[in-house]
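As a plain string of letters, each chain reads:
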Amino acid sequence: MRRAQGAIEYLFMIAAALIIIAVIIRYLRETGETAGEQANQTVAEVGELISEGISEAISEAISK
C-alpha cells in the first residue's frame, strides 16, 4: 500500500510540473507574438520615414 501511495504522489508531481510548463509556454508564445507585432509595426514606420526622406531629398535635388 505504501508503494502505491508513493507512485501516486510521484504522478501528481509530474502532472503539476507539466501544468506549470504548459502555462509558461503559453505565456512565452503570447509574449513572442506581441513582440513580433510590435517589431513589424516599428519596421513599417521606419520604412515609411526612410521613403519620405528619400522622396524629399530627390524633390530638393530636382528643384535646385
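Just so we're clear, the structure is a prediction, and the values are computed from it rather than from any experiment.

Asker: So what's going on with the overall build of the chain? Residues and values would help.
Answerer: Within the chain, the regular secondary structure consists of 1 helix and 0 strands. Computed over the C-alpha atoms, the radius of gyration of the chain is 28 Å, more than 25% above the 11 Å expected from 2.2 N^0.38 for a compact globule of 64 residues. The principal-axis extent of the C-alpha atoms belonging to the chain is close to 95 × 10 × 5 Å. Looking at the chain as shown, the accessible area adds up to about 6100 Å², and 66% of this sits on carbon and sulfur atoms. Charged side chains of the chain number 5 positive and 9 negative; the gap between the two group centres comes to 24 Å.

Asker: Account for a nonpolar patch on the surface, with residues named and values stated.
Answerer: A contiguous nonpolar surface patch, about 720 Å² in accessible area, is contributed by Tyr-10, Leu-11, Met-13, Ile-14, Leu-18, Ile-21 and Ile-25. Relative to the helices and strands, Ile-14 resides in helix 1 (residues 2-63). By relative accessible area, which is 35% here, Ile-14 ends up partly exposed.

Asker: Could you give an account of a negative patch on the surface, naming the residues involved and the relevant values?
Answerer: A cluster of acidic residues, Glu-45, Glu-48, Glu-52, Glu-56 and Glu-60, forms a negative patch on the protein surface. Take Glu-52: it is sitting in helix 1.

Asker: Please set out the environment of Val-43 residue by residue, giving values where relevant.
Answerer: Of note, Val-43 is situated in helix 1. The exposed category is assigned to Val-43, whose relative accessible area is 59%. With 38 residues separating them in the primary sequence, Val-43 and Gln-5 have C-alpha atoms 57 Å apart.

Asker: Explain the environment of Ser-51 to me, using residue names and the numbers behind them.
Answerer: Along the chain, Ser-51 falls in helix 1. When the C-alpha atoms of Ser-51 and Tyr-27 are compared, they prove to be 36 Å apart, with 24 residues separating the residues in sequence.

Definitions and cut-offs
- Residues numbered from 1 in each chain as written.
- Predicted model: local features only at pLDDT ≥ 70, side-chain atom pairs only at ≥ 80, totals over all residues.
- Heavy atoms only, no water.
- Helix = DSSP H or I, 4+ residues; strand = E, 2+ residues; numbered from the N terminus.
- Rg over C-alpha atoms; globule rule 2.2 N^0.38 Å.
- Areas by Shrake-Rupley, 256 points an atom, 1.4 Å probe, with all protein chains shown as cover.
- Lys, Arg positive; Asp, Glu negative; His and termini not counted.
- Charge placed at Lys NZ, Arg CZ, Asp CG, Glu CD.
- Patch = residues over 30% accessible without salt bridge, like charges linked within 9 Å, V, L, I, M, F, W, Y side chains within 5 Å.
- Salt bridge = Lys/Arg side-chain N within 4 Å of Asp/Glu carboxyl O.
- Buried < 20%, exposed > 50% of the residue type's maximum accessible area, 1.4 Å probe, protein only.

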